Amino acid sequence: MKLINIGFGSLVSEERLVAIVSPDSAPIKRMVQESRERGMLIDATYGRKTASIFIMDSDHVILSALPPEKFGVKVQSQQTEERD
């Protein structure tokens, strides 16, 4: 199982990850609010501003303080290492 570090010692499973999105758009903000109301929101920002949102296949939504660009590079480099 591959894990992605989402900051401050928190990890998520790469296999369960559907998307990493920015929190700026209105549809994403609605999705976060709906997840909060359903009890499916996990806040891993540790009190910092939300910079990226992870959408998982289990319908959980995870908030992270690290920008989405950091994760694209991490996932790509991990996939490159696996192929070598």
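A short tour of the structure in this document, coming up. All of these numbers come straight from a predicted model, not from anything done at the bench.

### A word on the overall build of the protein
Point 1. Scanning the protein from terminus to terminus reveals two helices and six strands.
Point 2. Split into buried and exposed, the 84 residues of the protein put 36% on the buried side.
Point 3. Carbon and sulfur atoms provide 52% of the accessible area of the protein, an area that totals close to 5300 Å².

### Description of the packing of aromatic side chains
Point 1. Counted under the stated rule, the structure contains one aromatic pair.
Point 2. Between the aromatic rings of F8 and Y46, the centroid separation amounts to 5.6 Å while the plane-to-plane angle is 50°, which identifies the pairing as tilted. Within this pair, whereas F8 is found in the loop between β1 (3-7) and β2 (10-13), its partner Y46 is found in the loop between β4 (41-44) and β5 (52-56), the two being separated by 38 residues in sequence.
Point 3. Take F8: its relative accessible area is 39%, and that puts it in the partly exposed class.

### Some thoughts on the pattern of salt bridges
Side chains that differ in charge, positive against negative, can pair when their charged atoms come close.
Point 1. Evaluation of the coordinates by the stated rule reveals two salt bridges.
Point 2. With its nearest N and O atoms 2.6 Å apart, the salt bridge here joins R16 to D57. In this pair, R16 sits in the loop between β2 and β3 (17-21) while D57 sits in the loop between β5 and β6 (61-64), placing the two residues 41 residues apart along the sequence.
Point 3. Residue classification places R16 among the partly exposed residues on the basis of a relative accessible area of 40%.
Point 4. For the salt bridge of D59 with R38, the shortest nitrogen-to-oxygen distance reads 2.7 Å. Here the residue D59 occupies a position in the loop between β5 and β6, and R38 occupies one in helix α1 (residues 26-38), the gap between them amounting to 21 residues.
Point 5. In this structure D59 comes out as partly exposed when scored by relative accessible area, which is 41%.

### So, the side chain of S64
Point 1. Tracing the backbone shows S64 in strand β6.
Point 2. What makes S64 buried here is its relative accessible area of 0%.
Point 3. Sequence-distant contacts of S64, that is, excluding residues within four places in its chain, are made with I6, A44, T45, K49, T50, A51, S52, F54 and F71.

### Looking at the nonpolar core
Soluble globular proteins: nonpolar side chains tend toward being buried together.
Point 1. With 10 residues, the main nonpolar core is built from I4, I6, V12, L17, A44, F54, M56, I62, L66 and F71.
Point 2. Counting residues per element, the ones that place at least two in this core are β1 and β5.
Point 3. Residue contacts for M56: discarding those within four places in its chain leaves V12, S13, R16, L17, V18 and I62.
Point 4. Core analysis: the next-biggest nonpolar cluster, separate from the first, contains six residues, I28, L41, I53 and L63 among them.

Reading guide: rules and limits
Residues numbered from 1 in each chain as written. Predicted model: local features only at pLDDT ≥ 70, side-chain atom pairs only at ≥ 80, totals over all residues. Heavy atoms only, no water. Helix = DSSP H or I, 4+ residues; strand = E, 2+ residues; numbered from the N terminus. Buried < 20%, exposed > 50% of the residue type's maximum accessible area, 1.4 Å probe, protein only. Areas by Shrake-Rupley, 256 points an atom, 1.4 Å probe, with all protein chains shown as cover. Phe/Tyr/Trp six-rings, centres within 6.5 Å; stacked < 30°, edge-to-face > 60°. Salt bridge = Lys/Arg side-chain N within 4 Å of Asp/Glu carboxyl O. Contact = heavy atoms within 4.5 Å. Core = buried A, V, L, I, M, F, W, Y, C linked by side-chain atoms within 4.5 Å.

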